[in-house]
Amino acid sequence: MAMFKSLSEGLKNADSCTTLKLSLKGKELPPELFTLTKLEELYLEAPQLKELPDMMGFESLKLLSLKAVVFKGSVAELFHLPSLRNLKLIETPLEPLTIKLATKMAPLQWLTMKACGLKALPLEMGELATLEELILPDNALKELPFTFNGLIKLKRLNLDGNAFKKFPDHLNELKKLLHVSIDGNHFPDDEKARIQRQFGLSPN
């Protein structure tokens, strides 16, 4: 069980390499990366990466963090990795976001999509029933899909810095939701007053 910060070191210690932090210069993920089948945590900063290859070989992966500022591909496959519990997508263009329904979804508990240019969330978001924390700051969201009430385990939601003008009232249906952050949105004054009156929140 060890962390490495270069692919070459990880490959030399493949049997113990469970965490890998990489800063990649190329436009593609190196094929050797997929020989590290014991990886549990993978942190990728890839400023030239435009799409992901088939990631399903990472059956042990529990955490994936990706920052790829010129990304143009799909992350749909990531939502089906069999062990993935924590997915962080930072400054990685995802508009439009696609999630494909399948018999088995990834057992995600934590999902972060920060500054990913999101204008909308797909209806399939409601299928991520294991989610406990959803972090969505600095996007362009104006509403949440009506299927959001499928996130029955959600405890924490961050919608800071989006484009909401009306509070998504159906969040009230999520009985386990303990914390909602909505600062930096476009709520008019009368809506701010309603939010504070009905939900006890004071958006800035």
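For the structure itself, consult the block above.
Since the model is a prediction, treat every value here as computed from it, not as a measurement. All chains use their own residue numbering, which begins from 1 and follows the written sequence. In view of the model being predicted, local features appear only for residues whose pLDDT reaches at least 70, and side-chain atom pairs are presented and counted only at 80 or more, with totals across whole chains, interfaces and linings using the full set of residues. The basis for the side-chain values is all heavy atoms of the structure; hydrogens and waters are excluded.

Colleague: Go over the overall build of the protein, please, and point to the residues and values.
Modeller: Looking only at helices and strands, one finds two helices and nine strands in the protein. When the helices and strands of the protein are listed from N to C terminus, the series reads β-α-β-β-β-β-β-β-β-β-α. Taken over C-alpha atoms, the radius of gyration is set against a globule rule of 2.2 Å times the number of residues to the power 0.38. Computed over C-alpha atoms, the radius of gyration of the protein comes to 18 Å, within 12% of the 17 Å expected from 2.2 N^0.38 for 204 residues, which places it in the range of a compact globule. Projected onto the principal axes, the alpha-carbon positions of the protein cover approximately 60 × 30 × 25 Å. Residue exposure (1.4 Å probe, protein chains only): buried if accessible area is under 20% of the type maximum, exposed if over 50%, otherwise partly exposed. When burial is assessed residue by residue, the protein has 44% of its 204 residues classed as buried. Note on contacts: a residue pair is in contact if any heavy atoms of the two residues lie within 4.5 Å. Long-range pairs, those at least 24 residues apart, make up 27% of the contacts in the protein between residues at least 6 apart in sequence. Carbon and sulfur atoms make up 50% of the accessible area of the protein, which totals about 10600 Å². Charged residues are defined narrowly, with Lys and Arg counted positive, Asp and Glu counted negative, and His plus the chain ends left uncounted. Taken as the charge centre is NZ of Lys, CZ of Arg, CG of Asp or CD of Glu, depending on the residue. A gap of 2 Å separates the mean positions of the 27 positive and 26 negative side-chain charges of the protein. Helix and strand labels come from DSSP, where a helix needs a run of H or I of at least four residues and a strand needs a run of E of at least two; each type is numbered from the N terminus. Where accessible areas are quoted, they stem from the Shrake-Rupley method and a 1.4 Å probe; at the residue level, only the protein chains shown are allowed to cover.

Colleague: I'd like a description of the packing of aromatic side chains, backed by residues and values.
Modeller: Pairing of aromatic side chains requires ring centres within 6.5 Å, counting the rings of Phe and Tyr and the six-membered ring of Trp. Pairs whose planes differ by under 30 degrees are stacked, by over 60 edge-to-face, and all others tilted. A full pass over the atoms with the stated rule returns two aromatic pairs. For the pair phenylalanine 167 and phenylalanine 199, a centre-to-centre distance of 4.5 Å together with 40° between the ring planes defines the contact as tilted. You can see phenylalanine 167 sitting in the loop between β8 (156-158) and β9 (179-181) and its partner phenylalanine 199 sitting in helix α2 (residues 189-199), a full 32 residues away along the chain. According to the relative accessible area criterion, phenylalanine 167 is buried, its value standing at 3%. Assessed through its relative accessible area of 23%, phenylalanine 199 is described here as partly exposed. Placement of a positive charge over a ring is assigned whenever Lys NZ or Arg CZ falls within 6 Å of the ring centre and within 35 degrees of the normal to the ring plane. A cation sits over an aromatic face here: lysine 21 above tyrosine 43, 5.1 Å from the ring centre.

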